[in-house]
Each structure stands twice: as structure tokens, then as C-alpha cells.
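The chain contents come next:
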Amino acid sequence: MVADRPRGFPSVRLDEAGSWGWLAHVPTEKERLDAVEPTVAELVTDIQLLTAELGRVGARLHVLERRLSGAGSGPDEDFDAVDEEIADVVAALRAAWDAEQEVLADSVRVELRQEVAEYDELKERRDAGRARLASGRMPRFERDAQEHEVHQLDWQIESRAGGALEAAARLDADRIAAESPWRREALLAGEKAREEIWDAAARRLERALAADARLPVWFRVGLGEITSPDPNPWVRAATGVIAYRLEYGVVAAVDPLGEPPSAGSGVAAWVRRAEVYADLVDQLQSLRL
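From a predicted model like this one, the values you see are computed outputs, not experimental measurements. (Residues numbered from 1 in each chain as written. Predicted model: local features only at pLDDT ≥ 70, side-chain atom pairs only at ≥ 80, totals over all residues. Heavy atoms only, no water.)

Asker: Let's hear about the overall build of the protein: which residues, and what values?
Answerer: When you go through the protein residue by residue, the secondary structure sums to eight helices and two strands. Along the protein, from the amino end to the carboxyl end, the secondary structure elements read β-β-α-α-α-α-α-α-α-α. Among the 289 residues that make up the protein, the fraction classed as buried is 31%. For the protein, long-range pairs separated by at least 24 residues make up 72% of all intrachain contacts whose partners lie at least 6 apart in sequence. Surface exposure of the protein reaches about 18,700 Å², of which carbon and sulfur atoms provide 56%. (Helix = DSSP H or I, 4+ residues; strand = E, 2+ residues; numbered from the N terminus. Buried < 20%, exposed > 50% of the residue type's maximum accessible area, 1.4 Å probe, protein only. Contact = heavy atoms within 4.5 Å. Areas by Shrake-Rupley, 256 points an atom, 1.4 Å probe, with all protein chains shown as cover.)

What follows is the structure in C-alpha cells.
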């Protein structure tokens, strides 16, 4: 009886009777090398790809570090320079700033109008109550209630008279100022100039990055590293800060936005600036998250 030969095993004759026995095949060194050679070749290829990718990442990090430190290979960049390209735009912004010093911000104007309207309503209610008291006889309890209400209204009117009169005076001055032809023209020119200064700031930023220029300290402090993978928030914040400094003449060497503006006066110029300042602060903080 001949035993079944296991598939893949070479035959070995053990005796002259024709019996066959089977021995397990031990791979040779060459066979082992042939088996692992494809795996080794694949690993070598992967290592080469990873090395090339690490080289690209390292080069990118080097560029970002240079930009973050401001150590560009190009000339020093002065984003604050008022040259011939933007001199007329900056002049229009300065004129608009002066014009807005005499007019109220929209939000302040609404608040003052509401204060005057509430004061006038109190006086109308007080006068109506007095008229009912003078109209004739009424039940004692009703007269007492009406007299009490009139007394309370007199007290409220007296306590709010100073603020209401001041609000009315500010609204009158605002109306007169807004009707001035030169002021209206300056305000319209200022709106256009703000769009132009934004475009000029975007061009300056693009040129500086393309030239690998040495960036100002305030820029590096405020903007930091370019955001990845989406650089748009970084570009938008950088453009806004450059435009802000050009519009308001900020020249602080370290602080990108200079001193915080106060909107306490309520005039349009300072309220607008305070709102832009707050928005830019939020953008700069979000870049650090």
C-alpha cells in the first residue's frame, strides 16, 4: 500500500519494495530570502516616501519659523508707511474721523430718542391725570388714587428731567451737524476710503509674504504662525489689523492695535473704532485657540 503523498512534499524512496515515506521539506536560505524580498522592497519604498515627506514638512516648518520670528530673507516690511499709494485714502479717512466727531453713533441716537420719548410720555400721563382731577366730582377713593398717581409721576418727571433735557440737546446738535454739506460729503468719502484701505492692506500683506520680508514685531506678536490647513482666518485678521493701524494712525511697536479706544462719548467716530477694535481682538484671540 502506497501512502498518499502530501501535496507539496518531495518524494523519498525508503526501500526496494517500493514503499514511499515522506519527509517534511526544510526551506533553504535562498528560499527564505526570496519569500521576504518583496516585503523588504515595499518597506524600503515606504521609508523613502516618508523621508521625502519629512523633508518637505521640515522645510515648511523652517519657513514658518522664519516668518514667525520675522527673520525673512527680504527687506524690512513697514506696513504703517503712508506712501503715495495710500496718502489720499488716509487723508479721506482722517477727514471722515473729524466729521464723525460731531455726530452720534446710530445706537446712541436710538437710546437718546427713547429716553426723550419716555420722558414726554410721563408728562402726558401726568397732565391727563391732572385734567381728570380738575374735571369734576369723583368718588373719594378714586380721587385719592389719581392724586397718588399724579404725585408719583411728578417725582419721576423731576428725577428724569436733567437726563431727558440733555438727550434732547444732543439730538438737536446731532441733527444740525448731520445737515452740514461738508460733513455729509466727508462721511461718504470715508465709507469709500475704508474699502480702499482694506484693499491696500491686503496688497501689502501679499507682497510681504511673497518677498519673505522681515515682518514688524507687532505683526509677529499679534498674528503668530499662519493657520493650517485653512489660512483664511489668519489672512483676514492680518489684513484687518494692517488696515486698522493705517486708518487710525497706530504706530505702537509691540501692540498690534495700540491703546483700547473708548466709546463712552457716544460719537460715531469712537463707537465705530471701538467696535472694530473689539472685533479684531476676537479674531486675534481665535487664532491662538
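Asker: Got a sec to walk through helix α2 (residues 87–100)? Specific residues and values, please.
Answerer: Here α2 contains 14 residues, and its C-alpha end-to-end distance of 20 Å stays within 8% of the 20 Å for a straight helix at 1.5 Å per residue. What α2 keeps buried is the set V89, V90, L93, A96, W97, A99 and E100. Residues of α2 that are buried make contact with α5 (181–210), α7 (232–248) and α8 (268–287). (Expected span 1.5 Å × (residues − 1).)

Asker: Quick rundown of helix α3 (residues 106–134)? Include the residues and the values.
Answerer: Taking 1.5 Å as the rise per residue, α3 with 29 residues should run 42 Å; its terminal C-alpha atoms sit 42 Å apart, in good agreement. Every buried residue of α3 is accounted for by V108, R109, L112, V116, Y119, L122, R126, G129 and L133. On its buried side, α3 packs onto α4 (140–178) and α8. Remark: G136 follows α3 within two positions and exhibits a positive phi of approximately 150°.

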